[in-house]
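# Structure assessment
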Amino acid sequence: LGALLLRPDACAAPSSDVIELTHLNYESYKDEELMLLTFFAPWCGNCKNLMPELEAAATTLADEEPDVVVAKIDGTEEEALAKKHGVEGWPTLLWFRDGTYTKFPTLQTAEELVDYVGAKVAPPLVQLKDQAALHAFTQALELAVVFFGDDRGERFQAFATVADGDPASAGP
């Protein structure tokens, strides 16, 4: 007689860098410093196409700083969470920063997702030391707003405040 032994981990699902959220664990993630959250429907063709790209993006982001949580919620199973976040279609991507979220454009590829997250977590201000650095910086972007002047003055402080995303407190 022969015996066939099966290791316990042989049937385990492959590990994923995308966290599956439900009403049971959502509260423990909603205040993450940085999170990309996707609401999806299992039957949705666009969602089916997006899931492998989301997985690839999550794997790339897992190796980068700062830490970004990439998560998904089946909106057909978690209707209350979908409604709470204003989900009106599939897929819906949300960008969370310290518990506050904004709609994230529905991008198609892992590269687009990683690039967009990279832009969201990049420092709002970069100090350039010379003309060569300025040239390289402006060539890499579609749009660059540059401040020339003393970085200790009132105008610079207003510029920095706007760059940080709070134009209302920048002053007149």
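That block above? That's the structure.
Everything numeric here is computed off the predicted structure, so don't read it as measured data.

The rules we used
- Residues numbered from 1 in each chain as written.
- Predicted model: local features only at pLDDT ≥ 70, side-chain atom pairs only at ≥ 80, totals over all residues.
- Heavy atoms only, no water.
- Salt bridge = Lys/Arg side-chain N within 4 Å of Asp/Glu carboxyl O.
- Helix = DSSP H or I, 4+ residues; strand = E, 2+ residues; numbered from the N terminus.
- Buried < 20%, exposed > 50% of the residue type's maximum accessible area, 1.4 Å probe, protein only.
- Expected span 1.5 Å × (residues − 1).
- Arc of directions from axis to C-beta.
- Contact = heavy atoms within 4.5 Å.
- Pairing = 2+ DSSP bridges.
- Right-handed = clockwise from strand over helix to strand, strands pointing away.

## Re the pattern of salt bridges
For the coordinates displayed, the defined rule picks out four salt bridges. Of the charged contacts, one joins Lys-72 and Glu-20 as a salt bridge, the two residues approaching to 3.8 Å between their closest N and O atoms. With Lys-72 in strand 3 (residues 69–74) and Glu-20 in strand 1 (residues 18–20), the pair connects residues that are 52 residues apart, well separated along the chain. Since its relative accessible area comes to 39%, Glu-20 is described here as partly exposed. The closest approach of N and O atoms between Glu-27 and Lys-30, which form a salt bridge, is 3.7 Å. Judged by its relative accessible area of 49%, Glu-27 falls in the partly exposed class. Taking relative accessible area as the criterion, Lys-30 reaches 22% and is therefore assigned partly exposed.

## Considering helix 3 (residues 110–121)
Three- or four-residue spacings in an α-helix give side chains the same orientation, since the helix completes a turn every 3.6 residues. The terminal C-alpha atoms of helix 3 lie 16 Å apart, and with 12 residues this matches the ideal 16 Å at 1.5 Å per residue to within 8%. Turning to helix 3, its buried residues number three or more, namely Ala-110, Leu-113, Val-114 and Val-117. Along the long axis of helix 3, the arc covered by the buried residues comes to 95°, so they all point the same way. Facing away from the buried side of helix 3 by over 90 degrees, the exposed positions are Glu-111 and Ala-119. The elements touched by buried residues of helix 3 are strand 2 (34–40), helix 1 (45–62), strand 4 (92–97) and strand 5 (100–104).

## Let's talk about the pairing of strand 3
When a strand is regular, its side chains alternate between the sheet's two faces. Most of strand 3 is tucked away: six of the six residues are buried. Neither face of strand 3 is open: one carries Val-69, Ala-71 and Ile-73, the other Val-70, Lys-72 and Asp-74, and all of them are buried. In the sheet, strand 1 pairs with strand 3 via three bridges, with the strands oriented parallel. Across the sheet, the residue bridging to Val-18 is Val-70, located in strand 3. Here six bridges tie strand 2 to strand 3, and the two strands are oriented parallel to one another. Paired with Leu-36 across the two strands is Val-70, which belongs to strand 3. On the question of chirality, the crossover connecting strand 2 to the parallel strand 3 by way of helix 1 is right-handed.

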